[in-house]
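Fold and contact review
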Amino acid sequence: MTLFPGVALVTGAASGIGRATAVSFALEGCYQVAICDRNLEGLVETEKYMREVSATCDILVHQVDMLLDDQIEGMVQAAVSKWGRVDYAVNAAGVIGNNDRSTDTTSQQFDLINGINYRGCWLSSRAELAQMLKQEPLPTHDGRPGSKGSIVNIASQLGVVSRPNAPAYCASKAAVISMTKSDAIDYSKDNIRINCVCPGVIATPMTQGDPEFRAALAPAIAIAPMDRMGTAQEIADACLFLCSSKASFVQGHAMVVDGGYVIS
Ligand SMILES: NC(=O)c1ccc[n+]([C@@H]2O[C@H](COP(=O)([O-])OP(=O)(O)OC[C@H]3O[C@@H](n4cnc5c(N)ncnc54)[C@H](O)[C@@H]3O)[C@@H](O)[C@H]2O)c1
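Under an unreviewed UniProt entry, the name given to the protein chain is NAD(P)-binding protein, and the source organism is Mollisia scopiformis. UniProt annotates the protein chain under Sequence similarities (unreviewed entry) with the comment "Belongs to the short-chain dehydrogenases/reductases (SDR) family."

See the structure below:
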């Protein structure tokens, strides 16, 4: 039996961690996956990768801007119109910070980073929760009690510890961790699980796009005892575990997947 008999929804699915998560859902036997992002071209490419690993996965490609409340509500409604429910939601859409101290950061930069990383994640999670509240639990892989749904928000190691020149980004990710814990408390009685993953430095277009930024990451990579970048697949693996019924007693957790960065 598949670990994922329900419907998955992934934001930020046009690239990096969101793409790897969407492809993993398809590979691991989830047959209904909504892939959502503002980048339609990237989504079409992700869909192609998903089809390469699964001939049977039903895929919904949905363009959405995390800055727009109505579009985020519409994203969840689109999945519900197609399949009637949403069981696993991974909220991965996000942007990198402006790489400046607070006195060199404009309020517009602050609002944009927090608007996508924190507010957009909250709006996504809120819309997913509203749907999960209405649905019945699905059967699980081994007969243990199932949940009405499982949400994984993507935070960051930089929500746990800070680095220079990133107050807006670090705060946006600390907020995601805190929101995750608050929601986990509120919706436990409704049989919904909410957790987050805190990636370390991961090789995705976010970190690899700009050669100058890539070079500046070397000291951060060296802080982690494992002394390497992680892969998007390594983050997707954590997301799928938390979504699955193997994590049936994991609630409100901020799972750090960072090669040991925050312990050193
Ligand atoms: N790569 C890392 O080292 C790292 C480390 C810690 C946390 N993260 C977090 O992981 C998540 C995924 O990052 P990634 O590394 O895969 O980056 P990425 O740039 O490869 O992917 C981010 C995706 O988010 C989408 N997105 C951005 N703004 C959007 C908006 N307004 N509306 C809809 N979609 C939007 C982009 O189009 C893109 O497809 C982000 O939340 C990021 O902050 C990444």
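Summing up its helical and strand segments, the protein chain has nine helices and nine strands in all. Taken against the 2.2 N^0.38 rule, which gives 18 Å for 264 residues, the C-alpha radius of gyration of the protein chain at 17 Å falls within 12% of a compact globule. With the C-alpha coordinates aligned to their principal axes, the bounding extent of the protein chain is approximately 50 × 40 × 40 Å. Partitioning the intrachain contacts of the protein chain with sequence separation of at least 6 by distance along the chain shows that 73% fall at a separation of at least 24.

Right, let's get into the site of the ligand. In the vicinity of the ligand there are 29 residues, among which Ser15, Ile17, Asp37, Tyr169 and Thr204 approach most closely. With respect to the ligand, the side chain of arginine 38 contributes an N or O atom lying 3.3 Å from a nitrogen atom. Between the ligand and threonine 204, the relevant distance is 2.5 Å, taken from an oxygen atom to a side-chain nitrogen or oxygen of the residue. Placement of the ligand is best described as lying within the largest pocket. Broken down by element, the residue count for the shell around the ligand peaks at three residues, all from helix α6 (residues 205-208). For the shell around the ligand, the residue count by class is 16 nonpolar, nine polar and four charged.

So, on to the environment of serine 162. Mapped onto the fold, serine 162 is located in the loop between β5 (149-154) and α5 (167-187). Each C-alpha atom, one on serine 162 and one on arginine 193, is 27 Å from the other, the two residues being 31 residues apart in sequence.

The subject of this paragraph is the nonpolar core. Ranked by size, the top nonpolar core spans 34 residues in total, and within it Phe25, Met50 and Ile154 carry the most contacts. The set of elements that each furnish at least two residues to this core consists of β1 (7-11), α1 (16-27), β2 (32-37), α2 (40-53), β4 (88-91), β5 and α9 (232-243). Examining the composition of this core, we find that eight residues originate from one element, α9, more than from any other. Sequence-distant contacts of isoleucine 154, defined by excluding residues within four places in its chain, comprise Ile17, Val90, Asn91, Ala92, Lys173, Val176, Val197, Pro199, Ile235 and Cys239. The next biggest cluster of nonpolar side chains, apart from the first, holds 27 residues, and it includes Val64, Val76, Ala89 and Leu123.

About the cut-offs
- Residues numbered from 1 in each chain as written.
- Predicted model: local features only at pLDDT ≥ 70, side-chain atom pairs only at ≥ 80, totals over all residues.
- Heavy atoms only, no water.
- UniProt positions renumbered as here; feature names shortened; annotations may be inferred.
- Helix = DSSP H or I, 4+ residues; strand = E, 2+ residues; numbered from the N terminus.
- Rg over C-alpha atoms; globule rule 2.2 N^0.38 Å.
- Contact = heavy atoms within 4.5 Å.
- Near = heavy atom within 4 Å.
- Polar contact = N/O pair within 3.5 Å; in protein donor to acceptor, adjacent residues only side chain to side chain.
- 1 Å grid on protein atoms, 1.4 Å probe; cavity = no way out; pocket = protein on both sides within 12 Å on 5 of 7 lines; lining within 4 Å.
- Sits in = over half its atoms within 2 Å of the grid points.
- Nonpolar A, V, L, I, M, F, W, Y, C, P; charged D, E, K, R; others polar.
- Core = buried A, V, L, I, M, F, W, Y, C linked by side-chain atoms within 4.5 Å.
- Buried < 20%, exposed > 50% of the residue type's maximum accessible area, 1.4 Å probe, protein only.

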